[in-house]
There are 4 protein chains.
Amino acid sequence: MKKDIKFAAAISALGNPGDRFMSGYKEDLTAGEMFALAAQAGIDGLEFVYGRDVTDENAGEIKGYMDKYGLRCCDVLPNLFGRKEFIKGSISSRYPVTVDKAREEIRRTIDITKRLGGSLVNIWPGQDGYDYPFESDYLKAWELMIEVLQEAADYDPAVRLGLEYKFKEPRVHSYISTVAKSLLLCNAVDRPNVGVILDIGHAILAYENAAESLALAKMFGDRLFLLHINDTRPDWDWDLNVGSVHFLDTLEWLYWADKTGYDGYYTLDIWPARMDTVEAIRESIEWIKAMRRALDRIGGTAIENMLREGNPARAMKIIREAVFR
Amino acid sequence: MKKDIKFAAAISALGNPGDRFMSGYKEDLTAGEMFALAAQAGIDGLEFVYGRDVTDENAGEIKGYMDKYGLRCCDVLPNLFGRKEFIKGSISSRYPVTVDKAREEIRRTIDITKRLGGSLVNIWPGQDGYDYPFESDYLKAWELMIEVLQEAADYDPAVRLGLEYKFKEPRVHSYISTVAKSLLLCNAVDRPNVGVILDIGHAILAYENAAESLALAKMFGDRLFLLHINDTRPDWDWDLNVGSVHFLDTLEWLYWADKTGYDGYYTLDIWPARMDTVEAIRESIEWIKAMRRALDRIGGTAIENMLREGNPARAMKIIREAVFR
Amino acid sequence: MKKDIKFAAAISALGNPGDRFMSGYKEDLTAGEMFALAAQAGIDGLEFVYGRDVTDENAGEIKGYMDKYGLRCCDVLPNLFGRKEFIKGSISSRYPVTVDKAREEIRRTIDITKRLGGSLVNIWPGQDGYDYPFESDYLKAWELMIEVLQEAADYDPAVRLGLEYKFKEPRVHSYISTVAKSLLLCNAVDRPNVGVILDIGHAILAYENAAESLALAKMFGDRLFLLHINDTRPDWDWDLNVGSVHFLDTLEWLYWADKTGYDGYYTLDIWPARMDTVEAIRESIEWIKAMRRALDRIGGTAIENMLREGNPARAMKIIREAVFR
Amino acid sequence: MKKDIKFAAAISALGNPGDRFMSGYKEDLTAGEMFALAAQAGIDGLEFVYGRDVTDENAGEIKGYMDKYGLRCCDVLPNLFGRKEFIKGSISSRYPVTVDKAREEIRRTIDITKRLGGSLVNIWPGQDGYDYPFESDYLKAWELMIEVLQEAADYDPAVRLGLEYKFKEPRVHSYISTVAKSLLLCNAVDRPNVGVILDIGHAILAYENAAESLALAKMFGDRLFLLHINDTRPDWDWDLNVGSVHFLDTLEWLYWADKTGYDGYYTLDIWPARMDTVEAIRESIEWIKAMRRALDRIGGTAIENMLREGNPARAMKIIREAVFR
């Protein structure tokens, strides 16, 4: 396998995670405190949410911390999911004034991404979807999303826009919910700077096999812009530590990330509400490294032979012998 | 069917719902404002969370509102799920000092329930469970829960303690997750004032058929203390409006609630983050009423015949003819 | 709504359903006996599996029955899922000799479809997928499927090929598993006579909202070739009677089928192992009719207003008033 | 860990697996051929289905093969799931004549179990459940099951009856679906020779954590009679090779099997339709052994410390260091 991969983390993973029963499981941290944790976590890059983690006002301060700790900007998300204006949809909203706010939010996020030295904007329109039958006009919503994304892509062709698909949550149904829907949308948007962000947990949620999703993103336009890593039970986006649930699956997507030529960040998106943050991130990275070493012991030729043969029992034998002490 | 059923609502459903992406989708309301909404919602009872909705300090004020609007205390929950002390467990905690806080929380909730004129405490130990393998000693946890519940039951035998089982969330695995686990636990606790609170959505989450769960609660000790009503997709506790997903299922549990002699509140536990609260509650109640009228048109004899015959196509014919205009 | 819709049924639904525990729950029927049942079921069309329901040898006899009972050929499936040659894949097989057999199977199915007066072939490659990690080369499989489907489409451009996507079963993961993957594949195949067959249960399995799937099929190439109707719990393809689980959802996809201009068959794909076949089909049709009448009572203008407003509680009120007696 | 564990296999796993699309993926084998495979599979015991794998007529022949190959009778199942009499239920049937046939089937299975030198009967009433609302009278069904199981238990107190719970399939809802329902039922049956058979895949299906299920079976009467081993995706009973999906989970239930004192067979219940049977069984056993060695490297003290501490990141570190080469 390629010798080195780069890790990043959502800065929110370093902060104070909450849910609908408790707004924060830990303590609120200042930006400086979160950066101090980031510096211990074994990562090179960070993901920010515009307007929450980084604002027009504090961008200089944030950039200062990045320089101080040698951390790069992996990507920035426009806050399409956490502002009251957008609770019934942002880029697919039935209200033109709301759509305009979403356009503005994306443009500002593009600008601030550049200020932070980044070149990737993560579009996760979490509130764009629906909860009930007869709540939405799907045709209008999809047509509008295409138009908004085209305009956003043209605002600065040097900045890439990655669609982070997610099956569900906060809406019962998300519009951009699977890798294939994302790729269909990319095709329709038809801009080279629009692609896909694959979150392993979101793929699992969608009953996708992440390795196949990587292959599809490769095949239909070579559009993988970023990988979010974690693990989960298939029922929900629990954002668990890497390797904590799926083993062969994790080995497999690690292999396919290399096989399809992915060379971006491996960005941790975990939710360590009841664990030490740095410990959870570092251990996730250690599992990745141990698994990649195991793949190296097997070797690319042997793995390609497995794929050619299609004998799961034999594949499991080879893997077992390479993994276990 | 019995002519009248009583409705109640979780007062939280009347407030400002939040999730992990947004702490509040609406505006924070004062107790007075929530009561004013409750008065319009077509309900007779309210459910409170101790320490959040009702405190030792504001209990008098709350009681005043109840009297003003003619609302009764359906039940009160000790806050075992939203305090930082309990994020790794309350009544099953590995830390004796935490368990003591949980015991104290329950006792105080029993006391305040009586101050509000109520007699039912809703035990939902949402943080008692686990997220990862090798995180918990299940035997110790279960043994401890039995002991804590016995002690709580003995604190005031005139107050009933209902275990509100929930499959998951906020933990990946809850201990008290299904109707059968709840009944096993009730048997072990062995106190007449300990029973079960069945939330329809929680039953659906657990892939239970709520009608069968009602039958089991009847059969194994006649232990149903309260019904929480709503609807959901089976993957998550979305707390949707009654009737919005499941139709025959809803008709069936409505029938079985009567058949098993349930005569408590039908307490709405919905999450109307993107709807008018009063409208969502009232419409849920209207669906219940319309469905109960349809059951009346069919009549108990015809329904008992369906159960005897076991011919789903014929049952659907009878129901169709009774439901549709 | 449009006044009349046409119903069809999979002839297998009329026969002897089996599963892995029992090869047949009823008795094996002759073709004549199945047609006699079809004649009572309130349908106009039939779906066949080539090599099982209709063969080169018995095609004349089958056509005779069709003429006798006035039944049309809705569609024919090549048997890519029930022949031992194909248990590890057909149109995506790693073995060229197997792929050739799959090509041949499809061509023969095209031929026999024409003999039966039909013009639609249903491609359901049920064994094309995988069960284990490291079992398959996804890129090769997808590339091969595109090529095979192009060749099949060119064999007779007057015959349409519909891809019946299915999330899973018999493989843990199917390749053609969702509406969006199907549409991506159609785009890549790029032939006007290649489209999608949407089975309501398969959409539910994939956590799709069938109404949105209809919209996507409309939007991305207007490619809906056939609708398979039934109902199911979301965990599995139980092939239940229409209306037995989902109510508002069913109303919604019925509306969207009209809204997107679908005018093909509504083909029943149910599995009435423990019911009278004719009764189960007829009652499914009656539910459809009753639901379409309810939609008519609401009226297209009111429904379009619902979609514009996006207020689920209000929508449920309007629907409730139109549905219930 | 205890040095040696005993493996067994369902003889059906050695035969010709089928599903609803293909009655057999392999070739039908004679008893002799299946035994010859069993002899190569690294197992000591076999599980039989009465009337299918072993009959009153061939019991002598079967016993001969067992002696020849040194294989023991792990358990025998009455065929409550694959006979047409029982398709709408056996021990919970609404038809007294059908219930009598189920009683008879169980008694005969007890008799033949003794002829084979066994002492465990596996009660899996797969058809006892329901598919549709309003299809069943749950109270009557549960009451009847208790009575039938009491009678069966009393027929020969020296033979143990294990209830193999399964969440679903072939029915949409099984009555005996979870470990807790099984234990409730055992309590009600109240016979020392009635207990539980835990199939790992069935536990996963039920969103149970098998380690906790083992703890519950221990705690509520020490009733674990047999362990069926395999792995699966949580949506369905895919009967996959051990270790192919869940890693930490598998390590955890292996530990808890020892911790709770289980010393019976580890009976493989896999479905190797597209693999070499012997290879699939042997490799499943090798994964178990490798995982148990890893647990030994960690050591019981360290694991008990993990459970006491409840720090998943730390636990994953210890496990990672013990597992990986």
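Residues numbered from 1 in each chain as written. Chains lettered and ligands numbered in written order. Predicted model: local features only at pLDDT ≥ 70, side-chain atom pairs only at ≥ 80, totals over all residues. Heavy atoms only, no water.

## Some thoughts on the overall build of chain A
This is how it is decided: Helix and strand assignments follow DSSP, with helices taken as H or I runs no shorter than four residues and strands as E runs no shorter than two, numbered in order from the N terminus. Restricting the calculation to C-alpha atoms gives the radius of gyration, and the globule rule supplies 2.2 Å times the number of residues raised to the power 0.38. Burial classes: relative accessible area under 20% of the type maximum marks a residue as buried, over 50% as exposed, and values in between as partly exposed (1.4 Å probe, protein chains only). Contact between two residues is taken to exist if any of their heavy atoms lie within 4.5 Å; hydrogens are not considered. The protein chains shown are the only cover counted for residues, whose accessible areas, like all others here, come from Shrake-Rupley with a 1.4 Å probe.
Along the backbone of chain A there are 11 helices and 10 strands. What you see for chain A is a C-alpha radius of gyration of 20 Å, in line with the 20 Å of a compact globule of 325 residues. A principal-axis box enclosing the C-alpha atoms of chain A has dimensions of 60 × 45 × 40 Å. When each of the 325 residues of chain A is scored for burial, the buried share is 70%. Across chain A, every contact between residues at least 6 apart in sequence was considered, and the portion connecting residues at least 24 apart equals 77%. Entry remark: accessible area of chain A is about 9,800 Å², with carbon and sulfur atoms responsible for 48%.

## Focus: the interface of chain A and chain C
Keep this limit in mind: Summed over both partners, the accessible area (1.4 Å probe) lost when two parts come together is defined as the buried area. We define a salt bridge as a contact between a side-chain nitrogen of Lys or Arg and a carboxyl oxygen of Asp or Glu at a distance within 4 Å. For this analysis, a polar contact is any N or O atom pair within 3.5 Å, provided that within protein one partner can donate a hydrogen and the other can accept it, and provided that sequence-adjacent residues contribute only side-chain to side-chain pairs.
Contact residues are listed per partner, giving 56 residues for chain A and 57 residues for chain C. The largest per-residue losses of area from chain A upon contact with chain C belong to A:F134, A:L184 and A:Y207, which jointly make up 19% of the total buried on that side. At the boundary of chain A with chain C, the tally comes to four salt bridges. The interface formed by chain A and chain C includes 22 residue pairs in polar contact (both at pLDDT 80 or more). Within the residue set of the side of chain A that touches chain C, elements represented by two or more residues are α4 (138-155), α5 (179-189), α7 (210-219), α8 (248-259), α10 (300-309) and α11 (312-323) of chain A. Counting residues per element, the side of chain A that touches chain C draws most heavily on α8(A), at seven residues.

## Remarks on the relation of the copies chain A and chain C
The condition is simple: Least squares is the method used to superpose the copies, on C-alpha atoms of residues holding a pLDDT of at least 70 in both.
The transform that puts chain A on chain C rotates by 180 degrees and translates by 0.0 Å along the axis, for an RMSD of 0.0 Å. Here the copies are linked by what is in effect a two-fold axis. Among all C-alpha atoms of chain A, that of A:A180 lies closest to the rotation axis, at 2.6 Å. Most of the interface of chain A is mirrored in chain C, where 100% of its interface residues again form contacts.

## Side note on the state of the cysteines
Note on terminology: disulfide describes a covalent bond linking the sulfur atoms of two cysteines. The cut-off we apply is this: Criterion for a disulfide: a pair of cysteine sulfur atoms at a distance within 2.5 Å.
Going through the model one piece at a time under the given rule, you end up with zero disulfides over all chains. Lacking any disulfide linkage, B:C186 is separated from the closest cysteine sulfur, that of B:C74, by 17 Å. This cysteine, C:C74, is not joined by any disulfide, and C:C73 carries the nearest cysteine sulfur, 7.1 Å off. On the basis of relative accessible area, C:C74 is assigned to the buried category, the value being 6%.

## Some words on the side chain of D:S244
One can find D:S244 in the loop between β9 (224-229) and α8 (248-259). Its relative accessible area of 1% is what places D:S244 among the buried residues. Separated by 2.7 Å, the side chain of D:S244 and the backbone oxygen of D:N241 make a polar contact. Beyond its immediate chain neighbours, meaning those up to four positions away, D:S244 contacts A:L248, A:M316, C:Y132, C:P133 and D:D231.

## Some thoughts on the interface of chain A and chain D
Keep this limit in mind: Only Asp, Glu, Lys and Arg are considered charged, only Ala, Val, Leu, Ile, Met, Phe, Trp, Tyr, Cys and Pro nonpolar, and every remaining residue, Gly among them, polar.
Taken residue by residue, the interface counts 36 residues in chain A and 36 residues in chain D. Carbon and sulfur atoms make up 60% of the surface buried where chain A meets chain D, a total of about 3,300 Å² over both sides. Counting the surface chain A buries against chain D, the share from its top three residues, A:M316, A:F324 and A:R325, is 22%. At the junction of chain A and chain D, the tally comes to six salt bridges. When the shortest N-O distance is used, the salt bridge between D:R320 and A:E283 registers 2.7 Å. Seen at the junction of chain A and chain D, the total is 16 residue pairs in polar contact (both at pLDDT 80 or more). Elements represented by at least two residues in the side of chain A that touches chain D include exactly α8, α9 (277-298) and α11 of chain A. Considering each element in turn, the side of chain A that touches chain D owes the most residues, 10 residues, to α11(A). The residue inventory of the side of chain A that touches chain D, partitioned by class, reads 19 nonpolar, five polar and 12 charged.

## A closer look at helix α10 (residues 300-309) of chain D
Residues and elements named next belong to chain D. The criterion, for reference: When we speak of the arc, we mean the arc of directions from the helix axis to the C-beta atoms.
Three or more residues of α10 are buried, namely I303, E304, M306 and L307. Mapping the buried residues of α10 onto a view down its axis gives an arc of 150 degrees, with all of them on the same face. A positive backbone phi angle near 65 degrees is found at G310, which sits one or two residues after α10.

## Some details on the packing of aromatic side chains
The description of two aromatic rings rests on the distance between their centres and on the angle between their planes. We count it as follows: Between the rings of Phe, Tyr and Trp (Trp by its six-membered ring), a pair exists once the centres lie within 6.5 Å; its type follows the angle of the planes, with under 30 degrees stacked, over 60 edge-to-face, and the other angles tilted.
Per the stated rule, a full pass over the model turns up 76 aromatic pairs over all chains. Relative to B:F48, the ring of B:F35 has its centre 6.4 Å away and its plane inclined at 35 degrees; by these criteria the two rings are tilted. Taken together, the residues B:F35 in helix α1 (residues 31-40) and B:F48 in strand β2 (residues 45-49) connect sequence positions 13 residues apart. The class of B:F48 is buried, set by a relative accessible area of 0%. An angle of 70 degrees between the planes, with centres 6.3 Å apart, marks the rings of C:W142 and C:Y175 as edge-to-face.

## Side note on the relation of the copies chain A and chain D
After a rotation of 180 degrees and a shift along the axis of 0.0 Å, chain A superposes on chain D with an RMSD of 0.0 Å. A symmetric contact is evident, with 100% of the interface residues of chain A recurring at the interface of chain D.

## Observations regarding the pairing of strand β9 (residues 224-229) of chain B
Residues and elements named next belong to chain B. The following threshold applies: Here the rule is simple: two strands pair whenever DSSP picks up at least two bridges between them.
Within β9, six of the six residues are buried, which leaves it mostly tucked inside the rest of the structure. Sheet analysis places strand β8 (residues 194-199) next to β9, joined by four bridges and oriented parallel. What sits directly across from I197, in β9, is L226. As judged from the three bridges shared by β9 and strand β10 (residues 265-268), these two strands associate in the parallel manner. Bridging across to β10, I229 finds its partner in L268.

## Thoughts on the environment of C:A215
With respect to the helices, strands and loops of the structure, C:A215 is situated in helix α7 (residues 210-219). C-alpha of C:A215 to C-alpha of C:W256: the two residues are 41 residues apart in sequence and 7.3 Å apart in space.

## A short note on the packing of α9(A) against helix α11 (residues 312-323) of chain D
The condition is simple: Helix axes use the C-alpha atoms of the stretch in contact, all axes being lines fitted to C-alpha atoms, and the angles between their N-to-C directions lie in the range 0 to 180 degrees. Under this scheme an angle from 65 to 115 degrees is roughly perpendicular, one under 35 degrees roughly parallel, and one over 145 degrees roughly antiparallel; angles in between are oblique. In this scheme, a crossing is called left-handed if the near helix is turned counterclockwise away from the far one by less than a right angle; it is called right-handed if the turn is clockwise.
The contact between α9(A) and α11(D) brings their axes to 9 Å, and the two run at 25 degrees. As summarised for this structure, α9(A) and α11(D) are arranged roughly parallel, according to the angle between their axes. The chirality of how α9(A) crosses α11(D) is left-handed. Residue-level inspection shows A:E279, A:A280, A:E283, A:E286, A:W287 and A:A290 of α9(A) in contact with α11(D), the latter providing D:A313, D:R314, D:M316, D:K317, D:I319 and D:R320. Considered class by class, the residues forming the contact of α9(A) with α11(D) number six nonpolar, no polar and six charged.

## Looking at the packing of helix α3 (residues 96-115) of chain A against α4(A)
Packed helix pairs are characterised by how far apart their axes lie and by the angle those axes make with each other. All names here are of chain A. Their axes nearest at 10 Å, the elements α3 and α4 cross at an angle of 30 degrees. As summarised for this structure, α3 and α4 are arranged roughly parallel, according to the angle between their axes. The handedness of the crossing between α3 and α4 comes out as right-handed. Of the residues in α4, those touching α3 at V99, R103, I106, R107, I110 and D111 are L144, E147, V148, E151, A152 and Y155.

## Observations concerning the pairing of strand β4 (residues 120-123) of chain D
Residues and elements named next belong to chain D. Of the two faces of β4, the one lined by L120 and N122 and the one lined by V121 and I123 are each fully buried. Strand direction decides the pairing type here: β4 and strand β6 (residues 160-164), joined by four bridges, are parallel. Residue V121 lies in a different strand from β6, and its bridge partner there is L161.

## Considering the pattern of salt bridges
A pair can form between side chains of opposite charge whenever their charged atoms are brought close. Considering all chains together, one arrives at 134 salt bridges over all chains under this definition. Residues B:K166 and B:E169 are paired through a salt bridge, measuring 2.8 Å at the closest nitrogen-oxygen approach. We note a salt bridge from D:R103 to D:E151, for which the minimum N-O separation is 3.1 Å. With D:R103 in helix α3 (residues 96-115) and D:E151 in helix α4 (residues 138-155), the pair connects residues that are 48 residues apart, well separated along the chain. Residue class for D:R103 comes out buried when judged on its relative accessible area of 13%. Owing to a relative accessible area of 36%, D:E151 belongs among the partly exposed residues under this scheme. Salt bridges sharing partners connect three or more residues here, namely A:D56, A:D100, A:R103, A:E104, A:R107, A:R108, A:E147 and A:E151.

## Some remarks on unusual backbone geometry
A cis amide bond, omega 5 degrees, links A:E169 with the succeeding residue A:P170. Mapping A:P170 onto the fold places it in the loop between β6 (160-164) and β7 (173-174). Backbone geometry places D:D222, a non-glycine residue, at a positive phi of 50 degrees. Position of D:D222 relative to the elements: it lies in the loop between α7 (210-219) and β9.

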